[in-house]
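What follows is the residue order along each chain.
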Amino acid sequence: MSYGAPVAQLPARRTLLPMGSPRASEETSRAVERSAGRLTTAAYRHMESHLEWYLDLSAQERSWVGTVVQSGFASFVDWYVHSDTDKTDDHATASIFAAAPRGLTRTISLRQTLDLLRTVVDVVEDHIPELAAAGEETALREDVLRYSRDIAFAAAQVYAGAAETRGAWDARLESLVVDAVVRGESPDELTSRAAALGWDRTEGVVVVMGAVPTDAGERALERMRTAAGRVGVDLLISAQESRLIVIAGGVTDPEQIATALAPAFGPGPVVVGPRVSRLHSARGSARAAAAALRAAPAWAGAPRPVRSDDLLPERVLVGDTGARSYLIRHVFTPLRKASGASLEETCTTYLACGRSLEATARALFVHPNTVRYRLGRITALTGYDPTAPREAYVLQTALAVGRLDEAATSASSDAEDLPTPT
């Protein structure tokens, strides 16, 4: 059974000799040698009556476990009968762990493997009176305990090797999934990879980006995973050059999780993209976060972490078409199409007058209360308050890009209307 680390790499230890007499009697040795089949049958009965998890295994998985148990008894018999030779305990270990298929560590845990070893010990101990010659019961019991101890240590080593191998594989697969999200690969391919990491049904996904930690990077990432675990959030992490990309799943409050993760990032801005429903939709969150990370230095007072949607004006400056489209669709167009009073004109005049109610009222020939009422409608319609400096900047940017878009559309339409040269 390959558990991820080749058995041949297990360290060889000293030769084991029985702790009782220098050599077990011929009678005890023959009894032990003939006992393997009987002990294996007793072990099956013991597992069925004492190990609940064993009953939940499939027929194939039970056959794998049975192979391990049979090999364990056969190995003990071989070790005990030939313990005066130059055999070492890693020989016994190899004969057990080489007998079962590669996938067994993913079927039964280390704790369950130790349950099997305990079963072997219990069964042999129950049969010691009929195996050991008179006066050799204690020595045989001690030999069983020594053998089980060394096999338990060997099993722990094998599982540790399997964990390291799986950890390295998971890290590579994790990076592939993050890269697939950032590059916008097909949902089918992304879903198949994510399923291997248990992310195929994860809901509530956000992308958080910042700088790679400059020192103690591995410890920083472990702190990040620990912080996420406290709030019940799963993480996929990948470092791409100087940028650390974190995909968080199971998120209900993006700002809360970003605040929890921010200390583990390197110096500089930390941005969080919008929350999406599933991993296959996370491309939009990743694009917004990446654009916001590029644009964040333009806002000197940006909080850490900062939402990507709070950097819409700066994202427009770095050429983010997504931010430009958002401002046109959700801010400029509603102002342009608002019925009744001209909210676009009021917003433009108010910003041009330095956000002064009186100056705006004089410019529009209306009462200041009318201006105040219209500003309230602008806030309700767009979600941005013209009286707040930062939000006024967003509105001003939206008006600018909206008018530029209209001008470009008009120019394109005029060009289509020109006669074709003959």
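Residues numbered from 1 in each chain as written. Predicted model: local features only at pLDDT ≥ 70, side-chain atom pairs only at ≥ 80, totals over all residues. Heavy atoms only, no water.

(A) The side chain of T360, seen in detail. Within the secondary structure, T360 is located in helix α17 (residues 357-364). For T360, a relative accessible area of 0% translates into the label buried. Excluding anything up to four places from it in sequence, T360 contacts T346, T349, Y350, C353 and V371. (Helix = DSSP H or I, 4+ residues; strand = E, 2+ residues; numbered from the N terminus. Buried < 20%, exposed > 50% of the residue type's maximum accessible area, 1.4 Å probe, protein only. Contact = heavy atoms within 4.5 Å.)

(B) Spotlight on the confidence of the model for the protein. Residues with a pLDDT of 70 or more make up 75% of the protein, whose mean pLDDT is 79. Per-element mean pLDDT across the protein ranges from 53 in helix α5 (residues 89-97) up to 97 in helix α14 (residues 312-317). Note that pLDDT drops below 50 for residues 1-22; the model gives that stretch 58 contacts with residues more than four away or on any other chain. The low-confidence segment residues 85-89, where pLDDT is below 50, has twelve contacts with residues more than four positions distant or belonging to other chains. (pLDDT = per-residue confidence, 0-100.)

(C) Layout of the pattern of salt bridges. Inspection of the entire model under this criterion finds nine salt bridges. In this structure, the salt-bridge partner of D310 is R307, at a minimum N-O distance of 2.8 Å. By relative accessible area, R307 is classed as partly exposed at 33%. Counted as one network, the salt bridges with shared partners bring together R336, E344, R403 and E406. (Salt bridge = Lys/Arg side-chain N within 4 Å of Asp/Glu carboxyl O.)

(D) Summary view of unusual backbone geometry. Following R304, the chain continues into P305 via a peptide bond in cis, with omega recorded as 5°. Relative to the helices and strands, P305 resides in the loop between α13 (282-295) and β6 (306-307). Non-glycine residue E241 carries a positive phi angle of around 55°. You can see E241 is positioned in the loop between β2 (234-240) and β3 (243-249). Within the chain, R355 stands out as a residue other than glycine whose phi angle is a positive 60°. Overall, R355 belongs to the partly exposed group, its relative accessible area being 35%.

(E) The pairing of β3, seen in detail. In terms of residue burial, β3 counts as a mostly covered element, since six of its seven residues are buried. Note: β2 against β3, seven bridges, orientation antiparallel. Its bridge partner lying in β3, L236 is registered against I247. In textbook terms, the turn of a hairpin is the stretch between consecutive antiparallel strands, and for β2 and β3 this stretch comprises two residues, one of which, E241, has a positive phi near 55°. (Pairing = 2+ DSSP bridges.)

(F) Seen up close, a nonpolar patch on the surface. A cluster of nonpolar side chains, L317, V318 and Y393, forms an exposed patch at the surface whose accessible area comes to about 270 Å². The residue L317 is located in helix α14 in this model. With a relative accessible area of 62%, L317 lands in the exposed category. (Patch = residues over 30% accessible without salt bridge, like charges linked within 9 Å, V, L, I, M, F, W, Y side chains within 5 Å. Areas by Shrake-Rupley, 256 points an atom, 1.4 Å probe, with all protein chains shown as cover.)

(G) Representation of the packing of helix α16 (residues 343-352) against α17 within the structure. The geometry of α16 relative to α17 is characterised by a closest axis approach of 9 Å and an angle of 130° between their N-to-C directions. Considering the angle they form, α16 stands oblique to α17. Crossing geometry of α16 relative to α17 is assigned as right-handed. The residues of α17 that touch α16, namely those facing E345, T346, T349 and Y350, are L357, T360, A363 and L364. Residue composition of the contact of α16 with α17, grouped by class: four nonpolar, three polar and one charged. (Axes fitted to C-alpha atoms, helices over the stretch in contact; angles between N-to-C directions. Parallel < 35°, antiparallel > 145°, perpendicular 65-115°, else oblique. Left-handed = near helix turned anticlockwise from the far one by under 90°. Nonpolar A, V, L, I, M, F, W, Y, C, P; charged D, E, K, R; others polar.)

(H) Broad picture of the nonpolar core. F73, F76 and L140 are the most contacted members of the largest nonpolar core, which totals 31 residues. Of all elements in the fold, only α1 (26-33), α2 (36-50), α3 (52-55), α4 (59-81), α7 (110-126), α8 (128-131) and α9 (137-183) reach the threshold of two or more residues within this core. Ranked by residues supplied to this core, first place goes to α4 with eight residues. Every residue in contact with L140, bar those within four places of it in the chain, is listed here: V32, F76, Y80, I128, L131 and A132. Formed by 25 residues, the second largest nonpolar core is a distinct cluster that contains L327, L335, A361 and V401. (Core = buried A, V, L, I, M, F, W, Y, C linked by side-chain atoms within 4.5 Å.)

(I) Geometry of the packing of α17 against helix α18 (residues 368-382). In the contact formed by α17 and α18, the axes pass within 8 Å of each other and the chain directions differ by 105°. It follows from the interaxial angle that α17 and α18 lie roughly perpendicular. For the pair α17 and α18, contact is made by L357, T360, A361 and L364 and by P368, V371, R372, R374 and L375, respectively. Each residue belonging to the contact of α17 with α18 can be placed in one class, and the counts come to six nonpolar, one polar and two charged.

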